[in-house]
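Reading the structure
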Amino acid sequence: MAGERFLDTNILIYAFAADDPRSAQAEALLAQGGVVGVQVINEFTSVARRKLGWDWPQIDSALEVIEELVGPALPLTREIHREALLLARNHPITFYDALIVAAAADAGCRVVVTEDMQHGRRLGGVTLHNPFTATLG
């Protein structure tokens, strides 16, 4: 199951965020494992530094935990980029979200776990799943 789920950046951010109502659920999702791509850890690093105000040692520690739980981030390739271009052109989705979907499909994942995209939608061979929909008002 873990290798069938591609975790989006927001799941990682919530797993490490203090005082967020989604943290416990995101921590559990991360602990169950999954797959991440290099774009996800790049975005995580940027958000942790810019929005959470973390210092570099905090970021390094979090990235080590993430890799321990889900393994090394998968690289972006030219083929993933090409597929993302097609997805972004043909569907109402941002290019960066299309990269996430294309990377998940390339990794053989069946599901992208994300809060940012339309829950239940099937796109690029994967299903978008928002784990927080049941917990949101």
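Below: a short report on this structure. (Residues numbered from 1 in each chain as written. Predicted model: local features only at pLDDT ≥ 70, side-chain atom pairs only at ≥ 80, totals over all residues. Heavy atoms only, no water.)

Some remarks on the nonpolar core
Counting 40 residues, the largest nonpolar core has Phe 6, Leu 7, Leu 12, Phe 44, Val 101 and Val 112 as the members making the most contacts within it. Ranked by residues supplied to this core, first place goes to helix α6 (residues 95-106) with 7 residues. Aside from chain neighbours lying at most four places away, what touches Leu 7 is Leu 12, Leu 30, Gly 33, Val 35, Val 36, Val 40, Val 70 and Val 113. (Core = buried A, V, L, I, M, F, W, Y, C linked by side-chain atoms within 4.5 Å. Buried < 20%, exposed > 50% of the residue type's maximum accessible area, 1.4 Å probe, protein only. Helix = DSSP H or I, 4+ residues; strand = E, 2+ residues; numbered from the N terminus. Contact = heavy atoms within 4.5 Å.)

Structural notes on the sheet that holds strand β2 (residues 111-113)
Taken in spatial order, the 4 strands make up an open sheet running β1-β2-β4-β3, and their pairing is mixed. Edge positions in the sheet fall to β1 (5-7) and β3 (122-123), since each has one partner strand and no second. Bridge analysis of β2 against strand β4 (residues 126-129) gives 3 bridges, and the strand direction is parallel. Following the sheet pairing, Val 112 is matched in β4 by Leu 128. (Pairing = 2+ DSSP bridges.)

Digging into the packing of aromatic side chains
A complete count under the given rule lists 5 aromatic pairs for this structure. Between Tyr 14 and Phe 132, the aromatic rings sit 5.6 Å apart at their centres with planes inclined by 80°, giving edge-to-face as the arrangement. Pair noted here: Tyr 14 is in helix α1 (residues 9-16) and Phe 132 is in the segment after β4, with a separation of 118 residues, a long-range link. Across the pair, Phe 132 and Tyr 14 agree in class, each one buried. (Phe/Tyr/Trp six-rings, centres within 6.5 Å; stacked < 30°, edge-to-face > 60°.)

What about the environment of Asp 20?
Here Asp 20 shows up in the loop between α1 and α2 (23-31). Of note is the side chain of Asp 20, whose polar atom sits 2.8 Å from the backbone nitrogen of Arg 22. (Polar contact = N/O pair within 3.5 Å; in protein donor to acceptor, adjacent residues only side chain to side chain.)

Describing unusual backbone geometry
At Asp 19, a residue that is not glycine, the phi angle is positive and equals roughly 60°. You can call Asp 19 exposed: its relative accessible area is 82%.

Comments concerning helix α4 (residues 56-70)
Compared with the 21 Å implied by 1.5 Å per residue over 15 residues, the 21 Å span of α4 between its first and last C-alpha is a close match. Residues Ile 59, Ala 62, Ile 66 and Val 70 constitute the buried set of α4. Each buried residue of α4 lies within a common arc of 65° when the element is viewed along its axis, so the set occupies one face. Projecting away from the buried face of α4 at angles above 90 degrees are the exposed residues Pro 57, Glu 64 and Glu 68. Elements that come into contact with the buried residues of α4 comprise β1, α1, α2 and α3 (38-50). One or two positions beyond α4, positive phi appears at Gly 71, with a value near 85°. (Expected span 1.5 Å × (residues − 1). Arc of directions from axis to C-beta.)

Some words on the pairing of β4
Burial along β4 is one-sided: Val 126 and Leu 128 are buried, while Thr 127 and His 129, pointing the other way, are not. Strand direction decides the pairing type here: β3 and β4, joined by 2 bridges, are antiparallel. Looking across to β4, one finds that Arg 122 is bridged to Thr 127. Taken together, β3 and the strand that follows it, β4, pair antiparallel across an intervening segment of 2 residues, in which Gly 124 is found at a positive phi of about 60°.

Read these as spatial facts, not as claims about activity.
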